[in-house]
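# Observations on the three-dimensional arrangement
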Amino acid sequence: MLNIAILPGTSRPQALNPQIVAWVNDQLSANDDVHAEVVDFGDFDLPLLDEVVPAGAKMYANDHTKAWGAKLDEFDAFIFVTPEYNHSISGSLKNALDFVATEFNHKVAGIVNYGADKGVRAAEHLRHILANYKLAVVRDQASFSIFTDVADGTFAPTEVSAAPFASMVDDLVSWGEALKSVRESAAEEQAA
């Protein structure tokens, strides 16, 4: 069974994000091949990046970073639910990602994005960031428009927008299982 973290992409009050995160969680709850958990970086009280040593060294000095990193270590895969703010991801998500690095190595991710133009530019920026972590991002993504997939402030995805989610999850499961062996081999090499 693949252990997936659903990562909300913003800390903005009254954002649409919690509704879409809940939809993603509901979709995954019907899949026997996965176990999903919402992991909100906001629960870790991360300030603006305050670690002295770059994250790749995994020499965390602060308890909030240690807790955030330890939580991410628990997962095989991630689904990022990101809005598009100013043609990119939110500053709060970028800040949370800057705290950690190796926790994502040789794992897999999917992206669920939304915005006025379905959030596709945010997804593309996020793909570039995640590549730096040796995190494989599957091709298919669910992209939602705030004009056609939201009605009176309530997330109501159209079938055409929601359809790619299923194939994204299928790829997450396939790639996630394959990458487990990559992580095991890397751990064996490091132990030797």
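Predicted, not measured: the structure shown is a model, and the values here were computed from it.

Let's shift gears to unusual backbone geometry. Look at Asp 45: it is not a glycine, yet its phi comes out positive at around 50°. As for its position among the elements, Asp 45 is in the loop between β2 (34–38) and α2 (63–73). On the accessibility criterion, Asp 45 (64% relative accessible area) is exposed.

Below, the discussion takes up the packing of aromatic side chains. Inspection of every chain in the model, using the stated rule, returns 10 aromatic pairs. The interplanar angle of 80° and the centroid separation of 5.4 Å between the aromatic rings of Trp 23 and Phe 144 together place this pair among those described as edge-to-face. Highlighted residues: Trp 23 in helix α1 (residues 17–29) and Phe 144 in strand β6 (residues 142–145), separated in sequence by 121 residues. Considered together, Trp 23 and Phe 144 belong to a single accessibility category, that of buried residues. Their ring planes at 80° and their centres at 5.9 Å tell us that Trp 23 and Phe 155 sit as a pair that is edge-to-face. Of the two residues, Trp 23 sits in helix α1 while Phe 155 sits in strand β8 (residues 154–155), which places them 132 residues apart along the sequence. In this structure, Trp 23 and Phe 155 share a single accessibility class: buried.

Conventions and cut-offs
- Residues numbered from 1 in each chain as written.
- Predicted model: local features only at pLDDT ≥ 70, side-chain atom pairs only at ≥ 80, totals over all residues.
- Heavy atoms only, no water.
- Helix = DSSP H or I, 4+ residues; strand = E, 2+ residues; numbered from the N terminus.
- Buried < 20%, exposed > 50% of the residue type's maximum accessible area, 1.4 Å probe, protein only.
- Phe/Tyr/Trp six-rings, centres within 6.5 Å; stacked < 30°, edge-to-face > 60°.

Nothing here speaks to function; it is all geometry.
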